[in-house]
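Fold and contact review
Given next are the chains, with one letter for each unit.
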Amino acid sequence: MSLFLIVALPFLGALLPGIMIQAGRRTCAMATGSVTLLALIGLLAHAPAVLRGEVIQARVEWLPALGMNANFFLDPLGMLFAFLILGIGLLIIIYARYYLSREDSMGEFFTYLLLFQGAMVGIVLSDNILLLLVFWELTSLSSFLLIGYWKHTAEGRQGARMALAVTGMGGLAMIGGMLILGDIAGSYNISDILQARDAIQASPLYVPALLLILLGAFTKSAQFPFHFWLPHAMAAPTPVSAYLHSATMVKAGLFLMARLWPVLSGTDWWFYIVATTGLLTMVIAAVIALFKDDLKALLAFSTVSHLGLITMLLGFGTELAAVAAVFHVINHATFKAALFMTAGIIDHEAHTRDIKRLGGLRKLMPITFVVASIAALSMAGIPFFNGFLSKEMMLEEASHTTWIDNPWLVPVLATIGAMFSAAYAFRYIFHVFGGPERDDYPSKPHDPNFGMWAPAGFLVILVLVIGILPAPIEPIVFTVAEAVMGAHGDVPEYYHLAIWHGLTPALYMSIIAVVGGAILLALHRPLDRAWLAAPRPEAKAMFDAVVAAAARAAGGITGRLHDGTMTRYAAIFAVTTLALGTLAYWTGSVGPATREMHAPAIVPLVGWASLLLAAGGLVMFHRRRLLALVLMAIVGLVVSVGFNYLSAPDLALTQISVEVVTIILLLLALNFLPKETPVESSSARRTRDGFIAIVGGLGAGALSLALMMRDFAFPTISDYHLANSYKGGGGTNVVNVILVDFRGFDTFGEIIVLGIAALVIYAATEALLSGPVRARLLAWKSDQTDAGDAHPLMMVVATRLMMPVVLMVGVYIFLRGHNEPGGGFIAGLVVAIGIIMQYMASGFAWADARQRYPYHGIIGAGVLIAGLTGIGAWFAGEPFLTSAFGYFRIPPMQEFELATAMAFDLGVFLAVVGAVLLSLESFARIARKSGETVPEYAMDIDPSREEA
Amino acid sequence: MEFLVASAVGVLTAAGLYLTLRKRTFPVIIGLSLLSYAVNVFLFASGRLVVNLPPILSDTAAGYTDPLPQALVLTAIVISFGMTAVLVVIALAAFLNADDDAVDTKGDSAG
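Residues numbered from 1 in each chain as written. Chains lettered and ligands numbered in written order. Predicted model: local features only at pLDDT ≥ 70, side-chain atom pairs only at ≥ 80, totals over all residues.

Per an unreviewed UniProt entry, chain B carries the name Multisubunit potassium/proton antiporter, PhaC subunit and comes from Tranquillimonas alkanivorans. Quoted verbatim from the Subcellular location (unreviewed entry) field of the UniProt record, the comment on chain B reads "Cell membrane". Word for word, the UniProt comment on chain B under Sequence similarities (unreviewed entry) is "Belongs to the CPA3 antiporters (TC 2.A.63) subunit C family." (UniProt positions renumbered as here; feature names shortened; annotations may be inferred.)

So, the overall build of chain A
The secondary structure content of chain A amounts to 40 helices and four strands. Counting every position in chain A, which comprises 948 residues, the buried fraction comes to 47%. Long-range contacts, defined here as pairs at least 24 residues apart, represent 79% of the contacts in chain A between residues at least 6 apart. (Helix = DSSP H or I, 4+ residues; strand = E, 2+ residues; numbered from the N terminus. Buried ≥ 20, exposed ≤ 12 C-beta atoms within 10 Å, placed from the backbone. Contact = placed C-beta atoms within 7 Å.)

Let's talk about the overall build of chain B
Across its full length, chain B carries three helices and zero strands. When the helices and strands of chain B are read in sequence order from the N terminus, they spell out α-α-α. The buried share of chain B, taken over its 111 residues, is 61%. Here the analysis covers contacts within chain B between residues at least 6 apart in sequence; of these, 51% occur between residues at least 24 apart.

Brief notes about the UniProt feature "transmembrane region" (unreviewed entry) in chain B
Residue and element names in this part refer to chain B. UniProt's feature table lists "transmembrane region" (unreviewed entry) at residues 6-21, 28-51 and 71-96, given in the numbering used throughout. Summarising residues 6-21: 94% helix, 0% strand, and an end-to-end C-alpha distance of 23 Å. Overall, residues 28-51 shows 75% helix and 0% strand. The separation of its end C-alpha atoms is 34 Å.

A few points about the confidence of the model for chain B
Mean pLDDT for chain B: 89, with 95% of residues reaching 70 or above. On the interface metric, ipTM, the complex scores 0.95, and its pTM is 0.70. (pLDDT = per-residue confidence, 0-100.)

Quick word on the environment of A:Val207
Relative to the helices and strands, A:Val207 is located in helix H11 (residues 206-220). Along the backbone, A:Val207 and A:Gly177 are 30 residues apart, and their C-alpha atoms lie at a distance of 9.6 Å.

Focus on the packing of helix H36 (residues 793-816) of chain A against helix H37 (residues 824-842) of chain A
Residues and elements named next belong to chain A. Following both chains from N to C, one finds H36 and H37 inclined at 170°, their axes separated by 9 Å at the closest point. The angle between H36 and H37 places the two elements in the roughly antiparallel class. Taken together, the residues of H37 that come into contact with H36 (itself represented by Met-795, Val-796, Thr-799, Met-802, Met-803, Val-806, Leu-807, Val-809, Gly-810, Ile-813 and Phe-814) are Gly-824, Ile-826, Ala-827, Val-830, Val-831, Gly-834, Met-837, Gln-838, Ala-841 and Ser-842. Here the contact of H36 with H37 is composed, by residue class, of 15 nonpolar, six polar and no charged. (Axes fitted to C-alpha atoms, helices over the stretch in contact; angles between N-to-C directions. Parallel < 35°, antiparallel > 145°, perpendicular 65-115°, else oblique. Nonpolar A, V, L, I, M, F, W, Y, C, P; charged D, E, K, R; others polar.)

Thoughts on the interface of chain A and chain B
Taken together, the contact pairs 98 residues of chain A with 80 residues of chain B. For the side of chain A that touches chain B, the element with the most residues is helix H31 (residues 683-708) of chain A, which contributes 14 residues. Of the residues in the side of chain A that touches chain B, the class split is 61 nonpolar, 27 polar and ten charged.

Things to note about unusual backbone geometry
Here A:Phe224 and A:Pro225 are connected by a cis peptide whose omega angle stands at 0°. For A:Pro225, the location among the structural elements is in the loop between H11 and helix H12 (229-232). For A:Ile404, which is not a glycine, the phi torsion comes out positive at approximately 40°. Residue placement: A:Ile404 occurs in the loop between helix H20 (386-399) and helix H21 (409-430). In this structure, B:Arg48 takes a positive phi of about 70° despite not being glycine. The residue B:Arg48 is located in the loop between helix H2 (25-45) and helix H3 (67-98) in this model. Of the residues examined, B:Arg48 has 19 C-beta atoms within 10 Å and is grouped as partly exposed.

Notes on the pairing of strand E2 (residues 68-74) of chain A
Residues and elements named next belong to chain A. The pairing of strand E1 (residues 56-63) with E2 spans seven bridges and is antiparallel. By the bridge assignment, Arg-59 is partnered in E2 with Asn-71. In sequence, E1 turns back onto E2 through a hairpin of four residues, with Gly-67 there showing a positive phi of about 75°. (Pairing = 2+ DSSP bridges.)

A short note on the confidence of the model for chain A
Residue-level pLDDT values for chain A average 89, and 98% of them are 70 or greater. Of all helices and strands in chain A, the one with the weakest mean pLDDT is helix H38 (residues 844-849) of chain A (78), whereas helix H29 (residues 625-645) of chain A scores best (94).

Digging into the packing of H29(A) against helix H30 (residues 649-670) of chain A
Residue and element names in this part refer to chain A. Look at H29 against H30: their axes get within 7 Å of each other, and the N-to-C directions meet at 170°. Relative to H30, H29 is oriented roughly antiparallel. Contact residues: Arg-625, Leu-626, Leu-629, Ala-633, Gly-636, Leu-637, Val-639, Ser-640, Val-641, Phe-643 and Asn-644 in H29; Pro-649, Leu-651, Ala-652, Gln-655, Ile-656, Glu-659, Ile-663, Leu-666, Leu-667 and Leu-670 in H30. Residues that form the contact of H29 with H30 fall into these classes: 15 nonpolar, four polar and two charged.

As for the environment of A:Phe116
All names here are of chain A. If you trace the backbone, Phe-116 turns up in helix H6 (residues 106-125). With 25 residues separating them along the chain, Phe-116 and Leu-141 place their C-alpha atoms 8.3 Å apart. In this view, Phe-116 contacts Thr-139, Ser-142, Ser-143, Leu-146 and Leu-244; residues no more than four positions away in its chain are not counted.

Printed below as a string of structure tokens:
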């Protein structure tokens, strides 16, 4: 199975649970499980090749210019993690099927779970660090959704937010680190980066990159001092805790450190940061875990402690430490997932997770007791359980690690960590299952059904098998460890996984740890009292305080900058733009004018004068809004005529038709808005605004003049368009050919934007009409006196007569567009105006009743036709929107041209008609709601109709 | 001729800027419309001014003006209609909701 498919399967599968839940919970869980199983089988099919030392690859270029490619590779390290993710994932799905109650929405749960699974598989198989970052953030997001799955609980919401804030922050830091790393190595592919050890470690940016990447890894893997989010993440349903927060996601940080081990490790920086952080985390979390009464909190801190252990091993940087790290990843995943499942079972059956309210469950829940005990003994590091093997390897490595010339510090602290670890593991057994049976359990506990304990049972069988017979798993562990080390180390020939290594220091340390653990448990009662009495920093309170302070600071700044005085923003924007323009003028240079000025003819002079008068009048009389509209129309008219005069007939046609619809639109709005603008600004304010305006106008005018008086600084691409318009595009109207052919993709985007704008208007109107404004509109009293005749007979007759003519003109303009001025945009506007005339003359209801197709549909059809025309080119083996044309002759007609661009232009036409009419119709509907009378008949006076 | 176009752009910009800085929605909308006229004409003028040489290919034409700015401005005109329409509906909704067409938010310094 292709690696793409393995990564994609969980994502595709995430669509299933939501649908399958309709067929019942069992089907839903089975569908989810099959997806994971399928991916697991696909993965395992590669296992023989990977163990032989081959690296499976799958690559496709995504954004090659940025070095971001969808490259995946599968080596032993990725294989191990992918196997853990999919394998434990499968067990968790079975477990969750029985764990989730009827009130929990199972479809939603499994959708999130599969999203997470896909993201996680993506991380471990990525061969591109940018791609890895994408998946990395996806795991943070899906973890957020899963922790907050029980949305109704405050702990769930707060825990989810905290996890997202901490891991998200780490993720941001890591993006920076990864970019530096890729920059030094000259490639973002992990396989290339792994070859660049010397360049990376010699770079002055090695330390910043290392710190940033470790920040990402430490937050994800809950290392001290970022460990605090993990216990709060336990608000999630237990399957999530078992899966994300012990077996897989929190190991993503470890995975990353292991993946980059060959290039980042081996330096003092690496050793002192990683090993020290790991050691501190291991000891501190183990101590806290002993005093947690909530089963899941105990397990959460124990997870943090074990993650610290593995981090420390990776930090040591020796070959055997790498072997121990890999081995402990496997062992921890098996026993900790099983422990979480048993915690979930106890919670599920006894309805409490509080150790102080439990005890004596040994006889009531015998199966759970056996399963939990095996897993906990493994965690404690007792021989014949797999945890013992890797923990002893850890102690062995610790025993000869020197920390700044001190040979005692690391071994002693490691033994103390192991001792507390043994203590809380024993506590999990003796305080929950041991002791006398009680009669005050919130619910009478008993063993759960088979489906619920089977996954945990399966895992503890692995715990025992590996613990007693480590030889079969040895080649896997060694292959993965060598994959971690890459070219920078090998597992020594003599070394083997074994229970008995002789009377080594590690054995004595193990004995001290186990015996010490037992003593600690015996002294638990007085120790617990002392612990509770001692002042302890509360991470959540500190986190909340930091968040609250940040929110206050942000709120303060925003409130100050963004206080709703929008006219001030506009002024600041204008002044800033002017300042930048002035700066550019001072620092740049302007060459001498190279073009002659055209002598102005008399007609343009008249037009210019009227434009100036109209613009001046607008400033003077803008308070009288109807007059302002008239003046604005004059400006538009002069601009259109000017376009026509200056060899731009297409622009002239477009501008004049847009002008018509804009003015109608503003008139419709003015029906409701006040007709006068009151005098509000002081004269100082008006002077200030006038000054900004005049400076801006002078700048814009001078810039235009300077531009027009000089030739092009660089050769333009326009000649290409002129030369190829007919040859390549089959049209003589170059502007239209550019729109529908050369830059068809732009136009396609543009009609979509236009359509969206119209839909926004429609949606805003809908919201307006269904909101509190509705009542206001119903009681609306127009401040205008009504015209005596709302639908004058002459106008109705004239518009009806005009309608076919307008449509014909529209078709004509549309058809000639490719060769003569015209085209879809203009034809669309013309037809829209024709229809608006009917609305205005005959009334909204009358016109609307005759309008057969909804305007949304017309917009959609337009975009669809344009898009399909573009896609059509694919079938001819050409890129999107490549046009084709030909000349045909059907007697008795003359020869005519057909071009695919015409279909595209039809799409443009429909989108424009739909968008213009949908916007205007929305305004008309507001008017109608306001009680504007809509006559039943098109004409108020109809001689043929008898007055009722 | 160039001076006429340049001064028209300048005057439209000035009037547009002044109206954009007003305190009511309607003048602001008119101001933005004036600014889009100015910008469209400016973009168009970047192809330089040519009289009587439309970019319609024919055997008898003496030459052609630059077609590219025209194509860009054509879509810009249509899009600016769409944007004006959206602005108008927002202004209308704000007025109908608050019975006030002031641009600035009043008495709510946090928002």
